[in-house]
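# Inside the fold
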Amino acid sequence: MDIPEGGIGFFDSGLGGLTVLSACLDGLGLPVCYYGDNARAPYGGLPEEKILAYAEEAFDAFSALRVRAAVIACNTVTAVCADRLREKYPFPVVGAEPAVRVAARRGGRIFVLVTPATAQSGRFLSLCGRVGREFPAARISVCPCPELAGWVERSVRTGEKIPLPSLLPSGKPDAVVLGCTHYVFLREEIGALYGCPVFDGNEGIARELFRILSSRRACGRPLAATRPSRPPLLTTAADGKGLSEGEVDGFSRKAAEREELCFRFGEKTGKGEEEKEKNIRSRIFCEIGQKRGKKGDFSEIFFLGSGKTVNKSAYEQMFVGKKRGMGGETGSKIPKS
Ligand code: DGL
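Residues numbered from 1 in each chain as written. Predicted model: local features only at pLDDT ≥ 70, side-chain atom pairs only at ≥ 80, totals over all residues. Heavy atoms only, no water.

Across its full length, the protein carries 13 helices and nine strands. Within the span of the protein, comprising 337 residues, buried residues form 57% of the whole. (Helix = DSSP H or I, 4+ residues; strand = E, 2+ residues; numbered from the N terminus. Buried < 20%, exposed > 50% of the residue type's maximum accessible area, 1.4 Å probe, protein only.)

The following block contains the structure:
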């Protein structure tokens, strides 16, 4: 597989990490390897040692690709084994932690929705304990949702409607924290159901990734990794087709002239039909509106793992029409496959 070295690895049990990836792309300009282990998702009900073993498979792949850094785009894996992964692998590892602190500042009753494995982990419980002491006006309820991530995985593939009220805890919280990256697909629906603000940790992950990249010169070429200050303006690939090198450069130049932030994606099928059929190389070109028309402005995304096709198509659908599932005010809808 023709994947460049020196990129950023993103790992999740399946689709949830796509929402993290999306939050991290603006200004990244590095190849991305998204490893989604959909065949074995969800992880949330698995024993710790199994979760670690699966995570190590992904991280071994990242290691072989000599990634510059890896993002655990999964709260469960972070809660269960982030420390062990950090010890074992030579590259910096960014974890995903529920945005409990941000929500707790507001005080009131806070539901933290997590997988069972996260709910039982020492790392997560100690985070809740610390935040609870720091903000005594906040009443933090840890709410394991054993079925929810599995429903998201299935629903993306089948379009099946998720019976949300039966999968969520009942009550009247003042804020909800999405402590699983799969739940970010349901941000809007969850907010509507409880009628309160909803928080996720994706922007925090992106900030941490950029902080590490800008400080870690040792991992490769120096990076001027500064995030654009405004959100991306989305343009869709009208025909969904790939861009040739020339088109990429042309597009880049045009966007730079307009000084806009633009995204465009499409599968670049490479030279032969064979490669197209294999559907291995999904290239998504993301363009940021810096006043540069260089190829370095793009992040090429390579999907690895058991669900590369489903991850790719879910990712593309998240970017069709409007930006979905990435938090903020636009909310999300589960993309239909
Ligand atoms: N997306 C994951 C998380 O953030 C894992 C969900 C699962 O596989 O159970 O926790």
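Don't stop here, the text continues.
Following alanine 41, the chain continues into proline 42 via a peptide bond in cis, with omega recorded as 0°. Its place among the elements puts proline 42 in the loop between β2 (32-36) and α2 (48-64).

A separate point is the sheet that holds strand β6 (residues 138-144). Spatial strand order, β6-β5-β7-β8: four strands in an open sheet with parallel pairing. Looking at which strands have only one partner, the edges of the open sheet turn out to be β6 and β8 (198-199). Where strand β5 (residues 108-114) and β6 come together, seven bridges link them in parallel fashion. Residue pairing in the sheet places leucine 113 in a bridge with cysteine 143 of β6. Docked against the sheet, helix α6 (residues 122-134) engages β5 and β6, running at close to 165° with respect to β6. (Pairing = 2+ DSSP bridges. Contact = heavy atoms within 4.5 Å. Axes fitted to C-alpha atoms, helices over the stretch in contact; angles between N-to-C directions.)

Attention now goes to the packing of helix α1 (residues 17-24) against helix α13 (residues 308-318). Between α1 and α13, the shortest axis-to-axis distance is 10 Å and the interhelical angle comes to 50°. Comparing their axes, α13 and α1 come out oblique. With respect to the hand of their crossing, α1 and α13 are arranged in right-handed fashion. Here α1 contributes Leu18, Thr19, Leu21 and Ser22 to the contact with α13, which in turn contributes Asn311, Ala314, Tyr315 and Met318. Looking at side-chain class alone, the contact of α1 with α13 contains five nonpolar, three polar and no charged residues. (Parallel < 35°, antiparallel > 145°, perpendicular 65-115°, else oblique. Left-handed = near helix turned anticlockwise from the far one by under 90°. Nonpolar A, V, L, I, M, F, W, Y, C, P; charged D, E, K, R; others polar.)

Below, the discussion takes up the sheet that holds β2. One open sheet accounts for five strands, arranged β4-β3-β1-β2-β9; its pairing is parallel. The open sheet has two free edges, formed respectively by β4 (93-94) and β9 (301-304), since each of these has just one partner strand. Packed on one face of the sheet, α13 meets β2 and β9 and runs near 140° to β9.

Glancing now at the side chain of serine 121. Within the secondary structure, serine 121 is located in the loop between α5 (116-120) and α6. We classify serine 121 as buried; its relative accessible area is 2%. Of note is the side chain of serine 121, whose polar atom sits 3.3 Å from the backbone nitrogen of phenylalanine 124. (Polar contact = N/O pair within 3.5 Å; in protein donor to acceptor, adjacent residues only side chain to side chain.)

A word on the nonpolar core. Counting 52 residues, the largest nonpolar core has Phe10, Leu113, Ile190 and Leu209 as its most contacted members. Top element by residues in this core is helix α10 (residues 202-215). It accounts for six residues. Once residues within four sequence positions are removed from consideration, isoleucine 190 is found in contact with Leu113, Leu164, Leu168, Val176, Leu178, Tyr183 and Val198. Membership of the second largest hydrophobic core comes to 28 residues, among which are Leu65, Ala82, Val93 and Ala117. (Core = buried A, V, L, I, M, F, W, Y, C linked by side-chain atoms within 4.5 Å.)

This part takes up the site of the ligand. Near the ligand, the surroundings consist of 13 residues, among which Ser13, Tyr43, Asn75, Thr76 and His182 are the closest. Between the ligand and serine 13 there is a distance of 2.6 Å, counted from an oxygen atom to a side-chain nitrogen or oxygen. Between the ligand and threonine 181, the relevant distance is 2.8 Å, taken from an oxygen atom to a main-chain nitrogen or oxygen of the residue. For the ligand, the protein covers 99% of the area, taking 290 Å² as the surface of the free molecule. (Near = heavy atom within 4 Å. Areas by Shrake-Rupley, 256 points an atom, 1.4 Å probe, with all protein chains shown as cover.)

This next bit is on helix α7 (residues 148-158). Most of α7 is tucked away: eight of the 11 residues are buried. Within α7 the residues assigned to the buried category are Leu148, Ala149, Gly150, Trp151, Val152, Glu153, Ser155 and Val156. In this structure, the buried side of α7 is in contact with α8 (164-167) and α13. In the stretch just after α7, glycine 159 is the one whose phi turns positive, near 80°.

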